[in-house]
Amino acid sequence: MARNEKEESIHIGFKEAITLILPYFRKKLWEQTKAVIWIVLYLALFQLFILRIPIKEAGLITLGISAVILGLAFFLEGLFLGLMPLGEALGLRLPQKLGILSIILFSILMGVGATLAEPAIAILRACGSKVAPWDAPLLYFLLNEGSHYLYLSIAIGVGVSVVFGMLRFLFGFSLMRILVPTIVILLGVSIYAYFDENLKFISGLAWDSGAVTTGPVTVPLVVALGIGISKVAEKNDQSSAYGVVTLASLFPILSVFLVGMYFSGKLPKPMSEEVFFKQGIKLEEAKLLLGDSYKVSSTKEVLLPKKINPPELFKKAKENIFEAFELAIRAILPLSIFLILFLGLILKEKISYPEEVFLGIGFSIIGLSIFNFGIIFGLNKLGDQVGGKLPSTFRSIELIDSTKFIPNFNPKSVLKAVNEDGKEEKFFYLKERKSYTSIPYHEENWNQKNKIYEYVPIHGPIFGKEDNLLGYLVVLVFAFFLGYSATLAEPALSALGNTVEETTVGTFRKSLLIQSVAVGVGLGTLLGMLKILLEIPLVWIVVPIYLLLLVLNTFSKSEFIDIAWDSAGVTTGPITVPLIIAMGLGIGNQMGTVDGFGILAAASAFPILSVLIMGMIVENSRKLSLRDSELKEK
């Protein structure tokens, strides 16, 4: 029977709309707060009560962390409403309307665009200032003047990964066919790099780049595209829905090594600071390495710090907000326009629910802007502070960020004392508020010209004598729990857990997967920390681990192999990456280590190991249960 009812649009006023949206937004905000707050509390309490050092710029860091929470809530909601539906729609239509060459071209462009939009890739830019050009010229170049080569190589690596991932979705071939030769090549290149003076310092960066790429933009977008293709592909099985994230974390490693090989011969080799400042490098090398600043950097210049007053701080914060917004626009808008134009002009398809998609893109831009600002002033600062102070558990360190510059210093105020060994030492009293503190006097810290004495406070060792074992142990335990708790905060891991529980019909529970991955990341972070403390070359860590993984693969079920390798990719997201990189570089600088990278690489490898082992246990339990059931039936 025909119905005469007319569709009626419902008008909702602004007040009613806010009343409807507010509870939903509050719920999303609370979810992000719960995810981030534990790791932040862990870091703050560790610094206050274990390291016994007050947190510098606590107010600014709190503001930054609040921005991270708010930014993530907006950004993830924007991805869910905007980019993911676009990715899935493209995945559904691509195999129906285009040939294989067009799909390959599209996959490369999308992989490149998604990688350049990754918030974590901007973290690498902040690391450039922590590397000295004379210690590791190639590493310095890739993080500073040549950073665009680094970003582009990572993006192209992801683009190639997406191509292989899409071909796997289309033809359903085993992940191992790509994985084994790729791992073998990567290990070979890493061993080659170990024997090259310049390349060995970018090994950590190259392996960490693989972890940086698999963030909140690339993973959902690529997976959505893959799911779309899987739905229409004939040669597809359930397990082939995984694997593309793994590939997206491996190919960028190779591409960064290749770029490093190209520039290695054009840049000077590592040298001492004295040789570097005495024109130890050629003019062409200086131009390439230092860019426009090469003319003014030929002599070492010490600049006294300038106090920043509140108006200048506000101006600086405003500039950073605009920069964060500009970065977000550049990241999200070109990618969104590309996807929309491709869907409309090439595939001749209309966007389903365009209002939601455009709202989602808007949310993504707002969210990424706030998140970028929060990373600079929140997680990055906190991770850097804790990392820089960690060695004080076993060694006395200089608290550079607490340096005091005492103006109008008069050397006549210096006194003498005798230490326990009978040696004479000089000191003076400094009055701060109502108390007097004795400060050791070192003649080299007094600038006679400016009449300023520079005092750098010394802290530690907290747990005994210099290089005591307990202090090292505290650092390693800290690293384990940092990796463990940061992983639990990652939004992508929960989503992967849901998918795995569904596809394994409850055999591999979500909580079991999350705990396996978190323990794996914790152990990997611990080993990465050990690498920095003992200056172990990264190749000594990655080669044995990946060879072991390849052996374990032969004893594992293909379903669990795919899950295990993808787990490594989703763990290194927007929370883990800035914290671990900042901490690694902070402790590396304090220990005098040139290359503070590599922790992420270790943190990515161990979850594969833990999930593979857990998968073998789960499979064994399933077989035992089936055998018991069969025996009972008999």
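As the structure is a prediction and not an experimental result, all values here were calculated from the model.

K.L.:
Honestly, the overall build of the protein in this entry has me stumped. Any pointers?
P.N.:
The secondary structure content of the protein amounts to 21 helices and 8 strands. Contacts in the protein between residues far apart in sequence, at least 24 positions, make up 82% of those at least 6 positions apart. Accessible surface computed for the protein: about 31,300 Å², of which carbon and sulfur atoms make up 62%.

K.L.:
What is the right way to look at the nonpolar core in this model?
P.N.:
Most often, soluble globular proteins keep nonpolar side chains buried together rather than apart. Counting residues in each nonpolar core, the largest one holds 166 residues, and the members touching the most others are Leu124, Trp207 and Tyr546. Top contributing element to this core by residue count: helix H10 (residues 244-264), with 12 residues. If we ignore the near neighbours within four places in the chain, the residues touching Trp207 are Leu186, Leu187, Ser190, Ile253, Phe257, Leu538, Val542, Tyr546 and Ala601. Residues Ile406, Phe409, Val414 and Tyr441 belong to the second largest nonpolar core, which totals 10 residues.

K.L.:
Before we go on, may I ask you to explain the packing of aromatic side chains in this structure?
P.N.:
In this description, a pair of aromatic rings is defined by centroid distance and the angle of the planes. Scanning all chains against the criterion turns up 26 aromatic pairs. Relative to Tyr453, the ring of Phe428 lies with its centre 5.2 Å away and its plane at 85 degrees, an arrangement referred to as edge-to-face. Residue Phe428 is located in strand S4 (residues 424-432), and its partner Tyr453 is located in strand S7 (residues 452-455); the two are separated by 25 residues in the primary sequence. Considered together, Phe428 and Tyr453 belong to a single accessibility category, that of buried residues. Each residue in the set Phe409, Phe428, Tyr441, Trp446 and Tyr453 is aromatic and connected to the rest through ring pairs, giving one cluster.

K.L.:
Would you mind going over the pairing of strand S3 (residues 415-418) with me for this structure?
P.N.:
Consecutive residues of a regular strand have side chains that alternate between opposite faces of the sheet. Pairing of S3 with S4 involves 4 bridges; the strand directions are antiparallel. Note on S4: the bridge partner recorded for Val418 is Glu424. Hairpin geometry of S3 and S4 is characterised by an intervening segment of 5 residues between the two adjacent antiparallel strands and by a positive phi of about 85 degrees at Gly422.

K.L.:
How should I be thinking about the packing of helix H6 (residues 147-171) against helix H8 (residues 203-213) in this particular structure?
P.N.:
Packed helices, taken two at a time, are described by their axes: the angle between them and the distance between them. Between H6 and H8, the shortest axis-to-axis distance is 11 Å and the interhelical angle comes to 60 degrees. Taken together, the axes of H6 and H8 are oblique relative to one another. In the packing of H6 onto H8, the handedness of the crossing is right-handed. For the pair H6 and H8, the contacting residues are Leu150, Ile154 and Val158 in the first and Leu205, Ser209 and Thr213 in the second. When grouped by side-chain class, the residues that make up the contact of H6 with H8 number 4 nonpolar, 2 polar and no charged.

K.L.:
Explanation requested: unusual backbone geometry in the structure shown.
P.N.:
What you tend to see is this: most non-glycine residues have negative phi, and most peptide bonds are trans. Each neighbour pair has its own omega, and for Gly460 with Pro461 the value is -5 degrees, a cis peptide bond. The topology assignment puts Pro461 in the loop between strand S8 (458-459) and helix H15 (469-488). Positive phi, close to 50 degrees, is recorded for Tyr353, a residue that is not glycine. By the element assignment, Tyr353 lies in the loop between helix H13 (310-346) and helix H14 (354-389).

K.L.:
How should the sheet that holds S4 be read in this particular structure?
P.N.:
By way of backbone hydrogen bonds, the strands of a sheet pair with one another, either parallel or antiparallel. Strand order across the open sheet formed by 3 strands is S3-S4-S5, with antiparallel pairing between neighbours. The open sheet has two edge strands, S3 and strand S5 (435-440), and neither has a second partner. Going from strand to strand, the sheet's axes swing by 45 degrees on average, the running direction of each strand aside. Sheet analysis places S4 next to S5, joined by 6 bridges and oriented antiparallel. Its bridge partner lying in S5, Phe427 is registered against Pro440.

Criteria and cut-off values
Residues numbered from 1 in each chain as written. Predicted model: local features only at pLDDT ≥ 70, side-chain atom pairs only at ≥ 80, totals over all residues. Heavy atoms only, no water. Helix = DSSP H or I, 4+ residues; strand = E, 2+ residues; numbered from the N terminus. Contact = heavy atoms within 4.5 Å. Areas by Shrake-Rupley, 256 points an atom, 1.4 Å probe, with all protein chains shown as cover. Core = buried A, V, L, I, M, F, W, Y, C linked by side-chain atoms within 4.5 Å. Buried < 20%, exposed > 50% of the residue type's maximum accessible area, 1.4 Å probe, protein only. Phe/Tyr/Trp six-rings, centres within 6.5 Å; stacked < 30°, edge-to-face > 60°. Pairing = 2+ DSSP bridges. Axes fitted to C-alpha atoms, helices over the stretch in contact; angles between N-to-C directions. Parallel < 35°, antiparallel > 145°, perpendicular 65-115°, else oblique. Left-handed = near helix turned anticlockwise from the far one by under 90°. Nonpolar A, V, L, I, M, F, W, Y, C, P; charged D, E, K, R; others polar.

Read these as layout, nothing more, since geometry by itself doesn't imply function.
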